[in-house]
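Breakdown of the fold
Each chain, written out:
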Amino acid sequence: MEKSARIYIAGHRGMVGSAIHRKLLSEGFTNIITRTSSELDLRNQQAVKDFFAAEKPDYVFLAAAKVGGILANNTYRGEFLYDNLMIQNNIIHSAYENGVKKLLFLGSSCIYPKLAPQPLKEEYLLTGELEPTNEPYAIAKIAGIKLCDAYRSQYGCDFISVMPTNLYGPNDNYDLNKSHVLPALIRKFHEAKKNNAPSVVMWGTGTPRREFLHADDLADACYFLMQHYSEPGLVNIGVGDDIPIKDLALLVKKIVGYEGEIEHDLSKPDGTPRKLMDVSKLHSLGWKHRISLEEGIRAVYEEVKGKL
Ligand code: GFB
């Protein structure tokens, strides 16, 4: 990518898109195109067509999506399927029609079967039943991978798909009903410490294991893959290591400095028992994460604690 290339980041205000934006700015790119959701509704086919025809981006990072934690995924099932299908179909098709040189589509580790062998290799896609709590989101993301592949095969488009593990970082969502586990725990422990509450309630049993990647590492990987990867199918992005949710809670508790108890709300779902990424393909391409989980959580907590 030339530094003056016209690069559209879809979803530049979200956690992933904003990390990609910071990365491109730090690399000296001068022609980054962005639109807020009120300026451009990506679910609107004609609006997206008009935008691409007018702006003619050379490269596209497709980081716009309806996202959320386990409860949001399970509650807003219609929106997670419809909004994500519309957003990605409109962008991928317009990218094809307007001769975009390369597009990077971001998916999620929840595209893999609920009970797939661990760690999750790219070839396990579509080999079994999905986790029910996030099936609509996963179906949309699987459709996105297949659309990129189909456009590569039929039209010769250089569209690639990358599957990040669970993410955290700046500009995350701290709404307790919609967020992922890490921002939820940061907020809960922070507020409990502030209010001298005797305990913090976490959801589920605490036994599911999750892998966490900092959004800045993800942005670095996306930038790397945009330059060095051009194949059908998908590539996992993760750290290759995971942690039980209970241990994650203990780590956040330590970082926040909270001394009370932890309780479990067993009416909330556990979700998939484990989704550890096999990152050997990514490592063999030459990329590895840099930010450790503890270091990353400390940085995020420093940044948000005044705002919670
Ligand atoms: O991060 P999370 O919401 O999503 O939950 P998933 C991970 C685990 O943390 C689950 C537990 O076992 C939750 O029950 N957990 C414990 C909590 N306390 C809390 C809490 O206070 N809030 C939340 N949110 N969880 C999502 C998918 O699955 O992961 C999406 O729904 C997407 O499709 C995303 O793939 C990355 O890891 O279970």
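The present account deals with the structure reproduced in this document. (Residues numbered from 1 in each chain as written. Predicted model: local features only at pLDDT ≥ 70, side-chain atom pairs only at ≥ 80, totals over all residues. Heavy atoms only, no water.)

The secondary structure content of the chain amounts to ten helices and twelve strands. Here the C-alpha atoms of the chain give a radius of gyration of 19 Å, agreeing with the 19 Å that 2.2 N^0.38 yields for 308 residues. Taking all 308 residues of the chain together, 55% fall into the buried category. Summarising the internal contacts of the chain: among those between residues at least 6 apart in sequence, 81% fall at separations of at least 24. (Helix = DSSP H or I, 4+ residues; strand = E, 2+ residues; numbered from the N terminus. Rg over C-alpha atoms; globule rule 2.2 N^0.38 Å. Buried < 20%, exposed > 50% of the residue type's maximum accessible area, 1.4 Å probe, protein only. Contact = heavy atoms within 4.5 Å.)

In strand 3 (residues 59-62), alternate side chains face the same way, and those of Tyr59 and Phe61 on one face and Val60 and Leu62 on the other are all buried. Alignment of strand 3 against strand 4 (residues 102-106), held across four bridges, turns out to be parallel. Within the sheet, the bridge partner assigned to Leu62 lies in strand 4 and is Phe105. (Pairing = 2+ DSSP bridges.)

Turning to the pairing of strand 5 (residues 159-164), a few remarks are in order. With six of six residues buried, strand 5 lies mostly within the body of the structure. Because side chains alternate across strand 5, one face comprises the buried residues Phe159, Ser161 and Met163, and the other comprises Ile160, Val162 and Pro164, equally buried. The sheet contact formed by strand 4 and strand 5 spans four bridges and is parallel. Counterpart to Leu104 in the pairing with strand 5 is Ile160. Pairing analysis gives four bridges linking strand 5 to strand 10 (residues 234-237), with the strands arranged parallel. Paired with Pro164 across the strands is Ile237, a residue of strand 10.

Okay, the site of the ligand next. Close to the ligand lie 22 residues, the nearest being Ser108, Lys188, Arg210, Pro269 and Asp270. A distance of 3.1 Å separates an oxygen atom of the ligand from a polar side-chain atom of Lys275. Out of a free accessible area of 710 Å², the ligand has 97% covered by protein chains. Sorting the residues of the shell around the ligand by element identifies helix 3 (70-75), helix 6 (181-194) and strand 7 (199-203) as the ones contributing at least two each. Sorting elements by how many residues they give to the shell around the ligand places helix 6 first, with three residues. Taken together, the residues of the shell around the ligand sort by class into ten nonpolar, eight polar and four charged. (Near = heavy atom within 4 Å. Polar contact = N/O pair within 3.5 Å; in protein donor to acceptor, adjacent residues only side chain to side chain. Areas by Shrake-Rupley, 256 points an atom, 1.4 Å probe, with all protein chains shown as cover. Nonpolar A, V, L, I, M, F, W, Y, C, P; charged D, E, K, R; others polar.)

Further remarks concern the side chain of Asn84. Structurally, Asn84 is set in helix 4 (residues 77-97). For Asn84, a relative accessible area of 1% corresponds to the buried category. Engagement of the side chain of Asn84 in a polar contact is seen with the backbone nitrogen of Lys66, the distance being 2.8 Å.

For the rest of this paragraph, the subject is the sheet that holds strand 3. Strand order in the open sheet made by the six strands is 2-1-3-4-5-10, with parallel pairing throughout. Of all the strands in the sheet, just strand 2 (32-33) and strand 10 have a single pairing partner and so form its edges. In the packing of helix 1 (residues 15-26) onto the sheet, the strands contacted are strand 1 (7-10), strand 2, strand 3 and strand 4, and the crossing angle to strand 1 comes to about 155°. Its contacts with the sheet place helix 5 (residues 135-155) against strand 4, strand 5 and strand 10, and it is angled at close to 155° to strand 5. (Axes fitted to C-alpha atoms, helices over the stretch in contact; angles between N-to-C directions.)

In terms of nonpolar packing, the biggest core is built from 41 residues, with Tyr8, Leu42, Phe52, Ile91, Ile92 and Leu103 touching the most fellow members. For this core, the secondary-structure elements that each account for two or more residues are strand 1, helix 2 (45-55), strand 3, helix 4, strand 4, helix 5 and strand 5. Not counting residues within four places of it along the chain, the set of residues in contact with Tyr8 comprises Ile33, Leu40, Leu42, Phe51, Phe52, Pro57, Tyr59, Val60 and Phe61. (Core = buried A, V, L, I, M, F, W, Y, C linked by side-chain atoms within 4.5 Å.)

The step from Gln118 to Pro119 runs through a cis peptide bond, and the omega angle for that step is -5°. Take Pro119: it is sitting in the loop between strand 4 and helix 5. With a phi angle near 45°, Lys56 is a residue other than glycine that sits in the positive phi range. By the element assignment, Lys56 lies in the loop between helix 2 and strand 3. Of the residues examined, Lys56 reaches a relative accessible area of 43% and is grouped as partly exposed. The backbone phi angle of Asn196 is positive, close to 55°, even though this residue is not glycine. Tracing the backbone through its elements, the reader meets Asn196 in the loop between helix 6 and strand 7. A relative accessible area of 70% places Asn196 in the exposed class.

Just geometry here; none of it tells us what the structure is for.
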